[in-house]
Amino acid sequence: MATPTFYNTEIARVAGALWGSKLGASSMSAVMAAVNANGMAKVVNDAYNASFGAVENATVAATVVANLGITGSAATPAINAVKATLDGAPSGGKGAALVALLNTYAGMTGDATYGAFATDFNSKVASALTYSQTANTVDSTFVTAAPTPVTSFRSSRSGSLRLSWRHACSHAELLPG
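We now turn to the structure provided with this report.

Of regular secondary structure, the chain possesses 8 helices and 2 strands. Its helices and strands taken in sequence order, the chain reads α-β-α-α-α-α-α-α-β-α from the N to the C terminus. Here the chain, with 177 residues, has 49% of them falling under the buried criterion.

Structural data, given as structure tokens:
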């Protein structure tokens, strides 16, 4: 099952893949307002840079692949592909590059190696979208198994960052705190 690609779908994909999170109604609304005001690329790039700008691409790639649920012999080639995408992205453009990669991945449901993983990911994205459209929902865990977020690092800004999509956007000064 492929999930249609609208901005809210892309937001759900990147929030799940990077932060292991699904957004609640208030967060999704705030992120969508930021996207409408600033454009998708700016929002995802700024959020990525706020949370992962100081993190090695290999570490981010491993986090993404774990949060996508890719395991076994498929994991290492997937990590390499995500890392290559991040390595090839222009400075400040890794968030948008990841969105493009996730959009491609979502369409791989018929792939012999990644099809089952992509199908599962699409199901979680669809569930996250439904969740984010339900009044009074709060940010929650995207995956049923424990996600593998980067849990501790220091940014170039002062203090540690709590890794969440909403926090990254507000830290990047795109959303109200």
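With that out of the way, let us pick up unusual backbone geometry. Despite not being glycine, Asn-136 shows a phi value in the positive range, around 70°. Inspection of the secondary structure puts Asn-136 in the loop between helix 7 (115-132) and strand 2 (140-141). A relative accessible area of 78% means that Asn-136 is categorised as exposed.

Looking now at the packing of aromatic side chains. In total, this model carries 3 aromatic pairs according to the counting rule given. For the ring pair Trp-19 and Phe-52, a centre distance of 5.6 Å and an interplane angle of 50° mean the geometry is tilted. Placement of the pair is Trp-19 in helix 1 (residues 7-19) and Phe-52 in helix 3 (residues 40-52), with a sequence separation of 33 residues. Overall, the relative accessible area of 4% leaves Trp-19 in the buried class. Aromatic pair Tyr-48 and Phe-52: ring centres 5.6 Å apart, planes at 40°, arrangement tilted. Of this pair, Tyr-48 and Phe-52 both sit in helix 3, 4 residues apart, which is roughly one turn of the helix. Taking relative accessible area as the criterion, Tyr-48 reaches 1% and is therefore assigned buried.

Now for the nonpolar core. Leu-18, Val-60, Val-64, Leu-68 and Ile-70 are the most contacted members of the largest nonpolar core, which totals 41 residues. Within the residue set of this core, elements represented by two or more residues are helix 1, helix 2 (25-38), helix 3, helix 4 (57-68), helix 5 (75-88), helix 6 (94-106) and helix 7. Among the elements that make up this core, the one with the highest residue count is helix 1 (7 residues). Sequence-distant contacts of Ile-70, defined by excluding residues within four places in its chain, comprise Val-65, Ala-75, Ala-78, Tyr-105, Tyr-114 and Phe-117.

On to helix 7, then. Over its 18 residues, helix 7 extends 25 Å from the first C-alpha to the last, a length consistent with the 26 Å expected when each residue adds 1.5 Å. Burial in helix 7 covers these residues: Gly-115, Ala-118, Phe-121, Asn-122, Lys-124, Val-125, Ala-128, Leu-129 and Ser-132. Buried residues belonging to helix 7 abut helix 1, strand 1 (21-22), helix 2, helix 4 and helix 6.

Taking 1.5 Å per residue as the helical rise, helix 3 with its 13 residues ought to reach 18 Å, and the 17 Å between its terminal C-alpha atoms agrees with that figure. The buried fraction of helix 3 is high, at 10 of 13 residues. Along helix 3, the residues classified as buried are Met-40, Val-43, Val-44, Asn-45, Asp-46, Ala-47, Tyr-48, Ala-50, Ser-51 and Phe-52.

This next bit is on the side chain of Ser-51. Along the chain, Ser-51 falls in helix 3. We classify Ser-51 as buried; its relative accessible area is 1%. At 3.4 Å, the side chain of Ser-51 forms a polar contact with the side chain of Trp-19.

Look at helix 1 against helix 2: their axes get within 10 Å of each other, and the N-to-C directions meet at 120°. When the interaxial angle is binned, helix 1 and helix 2 end up oblique. Crossing handedness for the pair helix 1 and helix 2: right-handed. Contacts from Tyr-7, Asn-8, Ile-11 and Ala-12 of helix 1 reach helix 2 at Met-28, Val-31, Met-32 and Val-35.

Residue position: Ala-41 is located in helix 3. Taking the C-alpha atoms as reference points, Ala-41 and Gly-95, separated by 54 residues in sequence, lie 7.3 Å from one another.

The rules behind these values
Residues numbered from 1 in each chain as written. Predicted model: local features only at pLDDT ≥ 70, side-chain atom pairs only at ≥ 80, totals over all residues. Heavy atoms only, no water. Helix = DSSP H or I, 4+ residues; strand = E, 2+ residues; numbered from the N terminus. Buried < 20%, exposed > 50% of the residue type's maximum accessible area, 1.4 Å probe, protein only. Phe/Tyr/Trp six-rings, centres within 6.5 Å; stacked < 30°, edge-to-face > 60°. Core = buried A, V, L, I, M, F, W, Y, C linked by side-chain atoms within 4.5 Å. Contact = heavy atoms within 4.5 Å. Expected span 1.5 Å × (residues − 1). Polar contact = N/O pair within 3.5 Å; in protein donor to acceptor, adjacent residues only side chain to side chain. Axes fitted to C-alpha atoms, helices over the stretch in contact; angles between N-to-C directions. Parallel < 35°, antiparallel > 145°, perpendicular 65-115°, else oblique. Left-handed = near helix turned anticlockwise from the far one by under 90°.

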